[in-house]
Amino acid sequence: MNKLLNISRFIMQFEKPKAVKLEKIDSLFIDYIENLTEFADKNYNKYNFYHPAIKLREFLWEIFASHYLEIINNRVYNQENKFTKQESDSAKYTLHFLLERILTLLYPIIPQITSVIANEKNIDLLKEKFPKAKTGKSDMKLIKKIMEFDSDVWKIKKDKGLSLREHISGIKIPNELKAFEKDLKACHNL
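Our subject in this report is the structure included herewith. Only a predicted model underlies this, so the values are computations on that prediction, with no experimental measurement involved.

So, on to the environment of isoleucine 109. Relative to the helices and strands, isoleucine 109 resides in the loop between α4 (85–106) and α5 (111–120). Judged by relative accessible area, isoleucine 109 falls into the partly exposed class, the value being 29%. On a C-alpha basis, the gap between isoleucine 109 and lysine 46 in space is 14 Å, while along the polypeptide they are 63 residues apart. Not counting the four nearest positions on each side in its chain, isoleucine 109 is found in contact with Tyr44, Phe49, Pro52, Ala53 and Leu56.

A complete count under the given rule lists 12 salt bridges for this structure. Measuring nitrogen to oxygen at the nearest pair gives 3.1 Å for the salt bridge that ties lysine 16 to glutamate 100. Of this pair, lysine 16 sits in the loop between α1 (2–12) and α2 (24–44) while glutamate 100 sits in helix α4, and the two are 84 residues apart along the sequence. Lysine 121 is the partner of glutamate 100 in a salt bridge, and the nearest nitrogen-oxygen pair spans 3.2 Å. With a gap of 21 residues between them, glutamate 100 in helix α4 and lysine 121 in the loop between α5 and α6 (141–159) connect regions that are remote in the sequence. With relative accessibility at 21%, the residue glutamate 100 sits in the partly exposed group. On the accessibility criterion, lysine 121 (16% relative accessible area) is buried.

Criteria and thresholds
Residues numbered from 1 in each chain as written. Predicted model: local features only at pLDDT ≥ 70, side-chain atom pairs only at ≥ 80, totals over all residues. Heavy atoms only, no water. Helix = DSSP H or I, 4+ residues; strand = E, 2+ residues; numbered from the N terminus. Buried < 20%, exposed > 50% of the residue type's maximum accessible area, 1.4 Å probe, protein only. Contact = heavy atoms within 4.5 Å. Salt bridge = Lys/Arg side-chain N within 4 Å of Asp/Glu carboxyl O.

Structure (structure tokens):
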């Protein structure tokens, strides 16, 4: 619950853009939560709250907080103007989309905290309809590959005694992750 609160505070410091053209990595993570929505819906309809709780916790901790937030951090703040306004807005929109969806998906399990956070976003979860999943076309295996790449870079930096923010050279982005190269280079300072 603390992780959810901290993520919410981070996201709500940015205004949610209206309509945006999504970057590929943002679409990938939205497609992931759409698949998770379908999984939760099927299980909730069978009164199975355990399996969605496990998958939602994994998404919140391992995927969203540990990887997606780290990857798009530079694009959201865009302090060095390495990204266009559209690229930055795509990340901000996706952050809000993912937060709103995770609040909805967690509401049947932890209604108190999700309601408090949703109220700050002017969302009444009691009146909201459960979302219908819109399965995307993304290859979900790419998320695992992104996570593996992140972990490999972090391990190399740790082994070399470098901070995660320090520049490192000699690391190549794998071909299957080239579509996300700009974000990965900014994230890892490659």
